[in-house]
Amino acid sequence: MKFTKIFRYIVAVLFFVLAAVIYFHPILNGKKIQQSDITQFRGMAKEIQDYRAQNNAEPYWTGASFSGMPAYPISAYYPNDFIRSLDKLLRFLPRPADYTFLYFLSFFVLMMALKVEWRLAILGALAFGFSTYLIIIFGAGHNAKAHAIAYMPLVLAGILLVFQRRFLVGFIVTGIAMALEVYANHIQMTYYLGFCLLILGIVEFINALKEKQLTLFIKQAAVIIGAVVLGIGANAPRLLAMKEYSERSTRGKSELTINLNGSKKELTTGLDYGYITQYSYAKLETFNLFIPRFMGGGTIEELGADSNFYQFIAERAGKKVASDYAKQVLTYWGDQPIVEAPAYIGAVIFFLFFLGIFLVKGRLKQWLVAATIFSIILSWGRNFEGITNFFIEYVPLYNKFRAVSSIQVIAELCVPILAVLGLKEFFSKESSKLEKQEALKKAMLFFGGLIIVGFGLAHVFGAFEGLRDAQQYSEIPGFLEAVIADRKDMLFSDTLRSLVLVFISGAILWLLLKNKLKSLLAIVLLIVLILFDLISVNKRYVNADDFKVSRKIEQPFKATAADKIILQDKTHFRVVNYTVDPMNDGSTSYFHQSIGGYHAAKLGRYQELFDFQIAKNNVQVLNMLNAKYFIVSDSDGNLEAQQNRAANGNVWFVEKIKVVASANDEIRALDSLNTKKEVVVNQKELYTIGSSSAISLLIEQDSTARIRLTDYSVASLTYASSATTAQFAVFSEIFYKEGWNAYVDGVLVPHYRVNYVLRGMEVPSGVHTIDFKFEPKVIEKGKIISLISYVLLVFISVGCFFYHKNKIAA
């Protein structure tokens, strides 16, 4: 490799570092970005992280959230996770500059694989990395999503190298990139990348048939599949653990066949249709990919003193009130529940995308256009039911993910690729001047016309009314009309903005075509224009105001007076916080063992227990979960702790066992169950007492029988029991078959799921020590697979290198 080429790469990397740091410049002062999801994550993960720091080991379980759950979907380090070290090396900048740098670097490598001139590659990398959607997800705290998106171009680079017949380097890049992609741990984004790769494979396959190169295609496919499998295999512990958990989570199959009202429930193996499609793009909303505030921008925007909204309030309540109200106006008028910001790809980049459509030839263009259209159509979700229903019903795993609009990430990737390829062709000498001129004219006319058409369609078919307008703006006559007027003004100003940017972009290329501009100057002007286009929009949603002092981010929750009272109790128990939404709250888990938590994929049975029982304030169910304290608000809004003296404790012996025939009967039995004296068991779980009908089985009573918790750790619990007759114990711990093992005096014994979610077991007479240990076999199995994958990746790469070297020498 020539020194000049290395120097260019170094310049590019330094430029990317500089761009990421300048945009997120508060990190230079030690500040950190405040991210709502990450704040909740800190609450959820604190017990896990504390255990990790104190024991230098992984618990793989947490008792702090949802009364107990595997740590896999929250925070877990896995054995043989060598790819983690490479990822840490690449993400050396403070967050979120690290992910932004990865965006740039990964896309630049892709451009190098496509043999794009390095300055154009920098242009493309900046356009991809500063795409609005990729920036605004930091504000929400979707770090795993950003992480996975950042490695997508790198995976594409490796696969495209293989299709260029550069098998060895393609195999290595694909294997490593896929390992990094899966390590990012956002399965939904990786799944969507799979669609993009599948479309590429179909295009290549059709071309192979036309060119009668099917044998070559099979060889290429084999190399790609081998590299992908090994990259995935390197993450085996993580993937196997998540697969196991997913089947038990809200994304798996429910055993219930009834709804809350008792009506028959449709059985599904994935998420509910309404939940999957809740965030669906309206067809018209697609125009905000290149007109930023086409539908009002984010859910809430700040309007200035020249707005109709401001003037309306100022005339009635004064400028001070108007200024306060204008900071949070519901400007978004689409039909999604909430939108942080428009998924703006950029007017300039979209213009160059259309230039690529008219100028680039061959199967790369076919793939990129097809993938872009595919992602946009699927992002419409419930607004294009035919195709959406087909995918939900028949495409594997599609019904496991929500927010179908996020599949637009494929367009976020493909649009800048074709845009840069269009520029590459425009700057090359392979296309004639006439071809470039015609392509430029068509791109300007077609894309400019599309912008104008979008403006017209919004006024013809758009009502400019949002989902919350009736609730927020209907009480005062003229209020809603003022907001609608501002929405129309935003649409007009941003439409004009996009048209001006297209005109300037076209003018730069036209002057280049007429030899009025040098190539270098044209590239610099386009980079400046793209940065202005994207950053000026991004700054509306993620800026310096989102950064806070590091201490406030690292320690996001402060113990209240109620928390301090509860923390004085050193026994093992759970807390119910009635001042928050329990099932969407990570703050309580920061200090206590909470019955709630914050995660999109909870254990399915626990979610059902909450819906059917806890949400109805079934005190007996709270008692069986050992909810010893309630946090409530007094009349003045102060938080106070109330002790629940009726809580069942950590473990107890019951008097009756009620065996039922189905999950429906289990959940309904809890309606009237005295959980301190009775226990309900599904006959499928407790074979030793089975019956086809629900019956009560008496246990021989022993007034002297005692059982208590003697030691609690996150991943192990020890109990002491004493009884003169055999008893049945119920433990206030969540049942999770694939990991928890029960031992009596060191001997493995069976335990059962009881009371829908808890653990129960038969305890023999006498004095015994009972241990529960979390010993997930899936981790050990995955550890072996990952090690084999790493070894094969290295040995195949080294073997192929020496094979080709000897072949050349011969």
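What counts, and where the lines are drawn
- Residues numbered from 1 in each chain as written.
- Predicted model: local features only at pLDDT ≥ 70, side-chain atom pairs only at ≥ 80, totals over all residues.
- Heavy atoms only, no water.
- Helix = DSSP H or I, 4+ residues; strand = E, 2+ residues; numbered from the N terminus.
- Rg over C-alpha atoms; globule rule 2.2 N^0.38 Å.
- Areas by Shrake-Rupley, 256 points an atom, 1.4 Å probe, with all protein chains shown as cover.
- Lys, Arg positive; Asp, Glu negative; His and termini not counted.
- Charge placed at Lys NZ, Arg CZ, Asp CG, Glu CD.
- Salt bridge = Lys/Arg side-chain N within 4 Å of Asp/Glu carboxyl O.
- Axes fitted to C-alpha atoms, helices over the stretch in contact; angles between N-to-C directions.
- Parallel < 35°, antiparallel > 145°, perpendicular 65-115°, else oblique.
- Left-handed = near helix turned anticlockwise from the far one by under 90°.
- Contact = heavy atoms within 4.5 Å.
- Nonpolar A, V, L, I, M, F, W, Y, C, P; charged D, E, K, R; others polar.
- Core = buried A, V, L, I, M, F, W, Y, C linked by side-chain atoms within 4.5 Å.
- Buried < 20%, exposed > 50% of the residue type's maximum accessible area, 1.4 Å probe, protein only.
- Expected span 1.5 Å × (residues − 1).
- Pairing = 2+ DSSP bridges.
- Phe/Tyr/Trp six-rings, centres within 6.5 Å; stacked < 30°, edge-to-face > 60°.
- Lys NZ or Arg CZ within 6 Å of the ring centre and 35° of its normal.
- Patch = residues over 30% accessible without salt bridge, like charges linked within 9 Å, V, L, I, M, F, W, Y side chains within 5 Å.

Digging into the overall build of the chain
Helix and strand counts for the chain stand at 29 helices and 21 strands. For the chain, the C-alpha radius of gyration of 30 Å lies close to 28 Å, the compact-globule estimate for 810 residues. With the C-alpha coordinates aligned to their principal axes, the bounding extent of the chain is approximately 100 × 90 × 50 Å. Counting only carbon and sulfur atoms, one obtains 59% of the accessible surface of the chain, whose full area is about 35,400 Å². In the chain, 83 side chains carry a positive charge and 67 a negative one; their mean positions are 10 Å apart.

Description of the pattern of salt bridges
Opposite charge on two side chains allows them to pair when their charged atoms are near. On inspection of all chains with the given rule, the structure shows 24 salt bridges. One salt bridge in this structure joins E247 and K243, with 2.8 Å as the shortest N-O distance. Of this pair, E247 and K243 both sit in helix α11 (residues 236-248), four residues apart, which is roughly one turn of that helix. Sharing partners across several salt bridges, the network here consists of D87, R91, R95 and D98.

Comments concerning the packing of helix α15 (residues 347-359) against helix α16 (residues 363-379)
It is the contact of α15 with α16, at a shortest axis distance of 10 Å, that shows an interaxial angle of 135 degrees. Taken together, α15 and α16 sit at an angle that is classed as oblique. Seen along the crossing, α15 lies across α16 with a hand that is left-handed. From α15, F353, G356 and I357 reach across to α16, where they touch K365, V369 and T372. Broken down by class, the residue content of the contact of α15 with α16 amounts to three nonpolar, two polar and one charged.

Focus on the nonpolar core
Counting 187 residues, the largest nonpolar core has I149, F195, W367, I410 and I417 as its most contacted members. At 15 residues, helix α7 (residues 143-163) tops the list of elements feeding residues into this core. Once you skip the residues sitting within four places of it in the chain, I410 turns out to touch Y192, F195, C196, A371, F374 and S375. One finds L670, V679, A723 and I734 within the second-largest nonpolar core, a separate group that totals 77 residues.

Let's talk about helix α5 (residues 118-129)
Taking 1.5 Å as the rise per residue, α5 with 12 residues should run 16 Å; its terminal C-alpha atoms sit 16 Å apart, in good agreement. Of all 12 residues in α5, 11 are buried; the element is thus mostly enclosed. Within α5, the full set of buried residues consists of W118, L120, A121, I122, L123, G124, A125, L126, A127, F128 and G129.

Topic: the sheet that holds strand β21 (residues 766-774)
Taken together, the five strands give an open sheet; going across it, the order is β14-β15-β21-β17-β18, and neighbouring strands pair in antiparallel fashion. Of all strands in the sheet, those with a lone pairing partner are β14 (706-713) and β18 (747-749), marking the two edges. With strand direction ignored, the average angle separating the axes of adjacent strands in the sheet is 25 degrees. Relative to β21, strand β17 (residues 740-744) runs antiparallel, the two being bridged by five bridges. Looking across to β21, one finds that V744 is bridged to I770.

So, unusual backbone geometry
For the bond from R95 to P96, the omega torsion is 5 degrees, close enough to zero to count as cis. Counting through the fold element by element, P96 comes out in the loop between α3 (83-90) and α4 (97-113). Positive phi values are uncommon outside glycine, yet Y60 reaches one of about 60 degrees. You can see Y60 is positioned in the loop between α2 (36-55) and β2 (61-62). Its identity is not glycine, yet N80 carries a phi of approximately 55 degrees, on the positive side. Inspection of the secondary structure puts N80 in the loop between β3 (69-70) and α3.

Topic: the pairing of β14
Across seven bridges, β14 lies against strand β15 (residues 716-723) in antiparallel orientation. When the bridges of β15 are listed, Y712 appears paired with L717. Hairpin remark: β14 followed by β15, antiparallel, with two residues in the connecting loop.

Topic: the packing of aromatic side chains
For the structure shown, the criterion picks out 59 aromatic pairs. An angle of 75 degrees between the planes, with centres 5.0 Å apart, marks the rings of Y191 and F195 as edge-to-face. Of this pair, Y191 and F195 are both found in helix α9 (residues 187-211), four residues apart, which corresponds to roughly one turn of the helix. When sorted by exposure, Y191 lands in the same class as F195, which is buried. On the basis of an interplanar angle of 75 degrees and a centroid distance of 5.7 Å, the ring pair of F287 and F290 is categorised as edge-to-face. Of the two residues, F287 and F290, neither departs from the other in class, the shared state being buried. Of note, K219 hangs over the ring of F167, and the distance from its end group to the ring centre comes to 4.5 Å. Here the guanidinium or amino end of R316 rests over the ring plane of F312, the centre of that ring lying 3.8 Å away.

Focus: the environment of A341
Within the fold, A341 resides in the loop between β5 (329-330) and α15. Relative accessible area serves as the criterion here: at 7%, A341 is assigned to the buried category. Taking the C-alpha atoms as reference points, A341 and G298, separated by 43 residues in sequence, lie 4.0 Å from one another.

Focus on a positive patch on the surface
Judged by side-chain charge, K31, K548, R551, K552, K558 and K564 come together as a positively charged surface patch. Residue placement: K31 occurs in the loop between α1 (3-23) and β1 (32-33).

Brief notes about α1
Here α1 spans 30 Å end to end across 21 residues, near enough to the 30 Å set by a 1.5 Å rise per residue. Buried residues belonging to α1 abut α4, α5, α6 (132-140) and α22 (519-538).

Considerations on the sheet that holds strand β20 (residues 758-763)
The strand order across the open sheet formed by four strands is β10-β16-β20-β19, and the pairing between neighbours is antiparallel. The strands lining the two open edges of the sheet, one partner per strand, are β10 (651-653) and β19 (752-754). This sheet shows a mean twist of 35 degrees between the axes of neighbouring strands, independent of strand direction. Pairing of β10 with strand β16 (residues 727-734), which is carried by three bridges, proceeds in the antiparallel orientation. Among the inter-strand pairings, V651 is bridged to a residue of β16, identified as F731.

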